[in-house]
Amino acid sequence: MAGYRINVEPDDNGTLLITCPQLPIVVTFAEDEQGVRQHAVDAIETALASMIDDGEDIPRPDGQPGLVIDLPALTWLKLNLYWSLKDADITRAELARRLDWKRESVDRLFRLDHRSRLEQLEAAFSALGRTVEVDIRVAA
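Residues numbered from 1 in each chain as written. Predicted model: local features only at pLDDT ≥ 70, side-chain atom pairs only at ≥ 80, totals over all residues. Heavy atoms only, no water.

Points about the overall build of the chain
Of the regular secondary structure elements, the chain holds five helices and four strands. Beginning at the N terminus, the succession of helices and strands in the chain can be written as β-β-β-α-β-α-α-α-α. Each of the three principal axes of the chain carries a C-alpha extent, and together these read 55 × 35 × 25 Å. Residues classed as buried in the chain amount to 38% of the 140 residues present. Counted over contacts in the chain with a minimum sequence separation of 6, partners at least 24 positions apart contribute 54%. Only carbon and sulfur atoms are counted for the fraction: they give 48% of the accessible area of the chain, which is about 8,500 Å². (Helix = DSSP H or I, 4+ residues; strand = E, 2+ residues; numbered from the N terminus. Buried < 20%, exposed > 50% of the residue type's maximum accessible area, 1.4 Å probe, protein only. Contact = heavy atoms within 4.5 Å. Areas by Shrake-Rupley, 256 points an atom, 1.4 Å probe, with all protein chains shown as cover.)

Description of unusual backbone geometry
In this structure, aspartate 89 takes a positive phi of about 55° despite not being glycine. With relative accessibility at 70%, the residue aspartate 89 sits in the exposed group.

Considerations on the packing of helix H2 (residues 73-88) against helix H5 (residues 118-127)
Closest axis-to-axis distance for the H2/H5 pair is 10 Å, and the angle between their directions is 20°. Taken together, the axes of H2 and H5 are roughly parallel relative to one another. Regarding H2 and H5, the two cross each other, and that crossing is left-handed. Between H2 and H5, the contacting residues are Leu74, Leu77, Lys78, Asn80, Leu81 and Ser84 on the first element and Leu118, Leu121, Ala124 and Phe125 on the second. (Axes fitted to C-alpha atoms, helices over the stretch in contact; angles between N-to-C directions. Parallel < 35°, antiparallel > 145°, perpendicular 65-115°, else oblique. Left-handed = near helix turned anticlockwise from the far one by under 90°.)

Notes on the nonpolar core
Tyr4, Ile44, Leu48, Ile58, Leu95 and Phe110 are the most contacted members of the largest nonpolar core, which has 39 residues in total. At the level of secondary structure, the elements contributing two or more residues to this core comprise strand E1 (3-10), strand E2 (16-19), helix H1 (33-53), H2, helix H3 (92-99), helix H4 (103-109) and H5. Ranked by residue count, the leading element in this core is H1, at nine residues. (Core = buried A, V, L, I, M, F, W, Y, C linked by side-chain atoms within 4.5 Å.)

Notes on the pairing of strand E3 (residues 27-30)
Every second residue of E3 is oriented toward a common face, the buried set being Thr28 and Ala30 and the non-buried set Val27 and Phe29. Judged from the four bridges that link them, E2 and E3 form a sheet pairing that is antiparallel. Paired with leucine 17 across the strands is phenylalanine 29, a residue of E3. (Pairing = 2+ DSSP bridges.)

Things to note about the pattern of salt bridges
Tallying each qualifying case throughout the model produces 11 salt bridges. The partner of aspartate 62 in a salt bridge is arginine 5, and the shortest N-O contact between them spans 2.5 Å. You can see aspartate 62 sitting in the loop between H1 and strand E4 (67-70) and its partner arginine 5 sitting in strand E1, a full 57 residues away along the chain. Residue classification places arginine 5 among the buried residues on the basis of a relative accessible area of 14%. Within the structure, one salt-bridge network assembled from shared partners comprises Glu104, Arg108, Arg111 and Asp113. (Salt bridge = Lys/Arg side-chain N within 4 Å of Asp/Glu carboxyl O.)

This is the structure:
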């Protein structure tokens, strides 16, 4: 799993300002340290969903040190599918043809608010010549 690095700093109204250097459109607030992760995940997912809808290039996490917010597994899979589609330089329509699926079914794979099934994602990755591997680690 991976995620994006965030910056957290006190704001002038007693809240915490949360930004993401790699995704400049991410700006959100939290009341306290406990709310930082949830607000950051929500803001990052909202930004990513918008970027996917608009077909924008999405930077991969830079791996630099700092506070990294891990994305939910389903979001991470969908983001990797988006990158894989871009890397293969094909359209969603072509992916639908390769899978012999309706276009709407393929579009749902890229919607972060849709609970796609793992086997659907695996089929899409396979159609792009990729496989999914799971790595479980002890939490730090």
